[in-house]
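Now for the letters of each chain:
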Amino acid sequence: MKRLIFPLLLISLISCKGTDKRQKTVNEKPVNTVQVPVFNADSAYVFVKKQVDFGSRVPQTPAHKACLEYLKQMLEKYGADVTVQNGSGQLYDGKSVEIKNIIGSFNSEATNRILLCSHWDTRPFADQDKDYSKRENPILGANDGASGVGVLLEVARNLQKLPQNLGIDIIFFDVEDYGVPEFYMGNHDADTWCLGSTYWAKNPHKSGYKANYGILLDMVGASAATFYQEYYSLDYARNIVENVWNTAQELGFEAYFIARQGGAIMDDHLPINRFLKIPCIDIIQLDKNSSTGFAQYWHTMDDNVNNIDKNTLYAVGTTILHMVYK
Ligand SMILES: [Zn+2]
């Protein structure tokens, strides 16, 4: 990930506003005649574990390659037209890196589209680990990477009854998490994160690509996760943020989706907003009690499947399915 650019913004004003809107929405809820499929958290968990079982999915490694084939096959199995976009980027140390963005399109011809995305690569360095001897080891990325992809594969499995006039693009971005490590002392560019999404946003797989809005999932599987409203998401796409948080709260997931502003995160939604001008939000776990802004196992050797909680996958996945089908 993901630099926390400025940790604590926020403000009670926003939470008050959020509450008013929430009550209003509940009172004025329109009649929903569409049958929303049930998100199966067991299935999502299997999709997360399967990725972790490949090992760390660091770009240009055999585990990364094997996982690419798996993700491609799964999207195809659930009926998507799949494109693997090949690109390249420059790492913090000046070396070049291959990029493989995996794009699964449902109802490819529909002009009314929603973009759902997550990163599928994992960080090559556990540079936040308390044990300094492990800081150059790659992480397993059960939550940071695999959780978002797992939720979206389960969403994909539930897109069989999508109305024909609605298109969904599920994109798994590569090379999100290869940003400059804490221990690196050399000079580097300012932007070393999010290389796959930046490449796609500047070179979309279809020229003139448009979507009504986008939702990025990042670290959406940990037990008792809290999703605050991320700063850039509010800045670029406040109505989508409010829609998602209201939907989650109507579904009873208010313990996860907290209608207060969190920090500002450098993540894959930023290039999408900046270069493609598609309003895109980030659902990402933020921990107000941690010095980094993230959970304790973020970018450590502890980001393994033991931290994945099916209840959290269910809350996020169910909210996404309701956003898609409502
Ligand atoms: Zn990360």
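**Here's the deal with the packing of helix α5 (residues 195-202) against helix α7 (residues 269-276)**
Contact pair α5 / α7: the axes reach a minimum separation of 8 Å and the direction vectors enclose 20°. Taken together, the axis directions place α5 and α7 in an arrangement best described as roughly parallel. Two packed elements cross with a definite hand, and for α5 against α7 that hand is right-handed. Along its contact with α5, which presents S197, T198, A201 and K202, the element α7 presents P271, I272, F275 and L276. Residues that form the contact of α5 with α7 fall into these classes: five nonpolar, two polar and one charged.

**Digging into the pairing of strand β4 (residues 167-173)**
Counting buried residues in β4 gives seven out of seven residues, a clear majority hidden from the surface. Every second residue of β4 is oriented toward a common face, with G167, D169, I171 and F173 on one face and I168, I170 and F172 on the other, all of them buried. Examined bridge by bridge, strand β3 (residues 113-119) and β4 share seven bridges and lie parallel to one another. Bridging across to β4, C117 finds its partner in I171. The β-α-β motif built from β3, the intervening helix α4 (residues 142-157) and the parallel element β4 has right-handed crossover chirality.

**Here's the deal with the nonpolar core**
Most often, soluble globular proteins have nonpolar side chains that are buried together. Judged by nonpolar contacts, the single largest core of 90 residues is most densely connected at L116, V151, L152 and I283. By residue number, the principal contributor to this core is α4, which donates eight residues. With residues up to four places along the chain from it excluded, the contact list for L152 reads L116, S118, I170 and L217.

**Some remarks on the packing of α4 against helix α8 (residues 310-325)**
Running from N to C, α4 and α8 cross one another at 45°; their axes reach a closest spacing of 10 Å. Regarding the angle of α4 to α8, the classification is oblique. Crossing geometry of α4 relative to α8 is assigned as right-handed. In this structure, α4 contributes S147, G150, V151, E154 and V155 to the contact, and α8 contributes L313, V316, G317, I320 and L321. Partitioning the contact of α4 with α8 into residue classes produces six nonpolar, three polar and one charged.

**Thoughts on the sheet that holds strand β2 (residues 96-106)**
Taken in spatial order, the six strands of this open sheet run β1-β2-β4-β3-β5-β8, and their pairing is mixed. Edge strands, defined here as strands with exactly one partner in the open sheet, are β1 (81-90) and β8 (280-284). When strand polarity is set aside, the average angle formed by the axes of neighbouring strands in this sheet is 20°. Here β3 pairs with strand β5 (residues 213-218) via four bridges, running parallel. Paired with C117 across the bridge in β5 is L216. With respect to the sheet, α4 is in contact with β2, β3, β4 and β5, its orientation differing from that of β3 by roughly 145°. Seen against the sheet, α7 touches β5 and β8 and runs at an angle of roughly 175° to β8.

**Some words on helix α2 (residues 41-53)**
Taking 1.5 Å per residue as the helical rise, α2 with its 13 residues ought to reach 18 Å, and the 18 Å between its terminal C-alpha atoms agrees with that figure. Among all positions in α2, only A41, A44, Y45, F47, V48, Q51 and V52 are buried. Viewed end-on, α2 has its buried residues packed into an arc of 160°, placing them on one side of the element. On its buried side, α2 packs onto α3 (62-77), α4 and α8.

Calculation criteria
- Residues numbered from 1 in each chain as written.
- Predicted model: local features only at pLDDT ≥ 70, side-chain atom pairs only at ≥ 80, totals over all residues.
- Axes fitted to C-alpha atoms, helices over the stretch in contact; angles between N-to-C directions.
- Helix = DSSP H or I, 4+ residues; strand = E, 2+ residues; numbered from the N terminus.
- Parallel < 35°, antiparallel > 145°, perpendicular 65-115°, else oblique.
- Left-handed = near helix turned anticlockwise from the far one by under 90°.
- Contact = placed C-beta atoms within 7 Å.
- Nonpolar A, V, L, I, M, F, W, Y, C, P; charged D, E, K, R; others polar.
- Buried ≥ 20, exposed ≤ 12 C-beta atoms within 10 Å, placed from the backbone.
- Pairing = 2+ DSSP bridges.
- Right-handed = clockwise from strand over helix to strand, strands pointing away.
- Core = buried A, V, L, I, M, F, W, Y, C linked by C-beta atoms within 7 Å.
- Expected span 1.5 Å × (residues − 1).
- Arc of directions from axis to C-beta.

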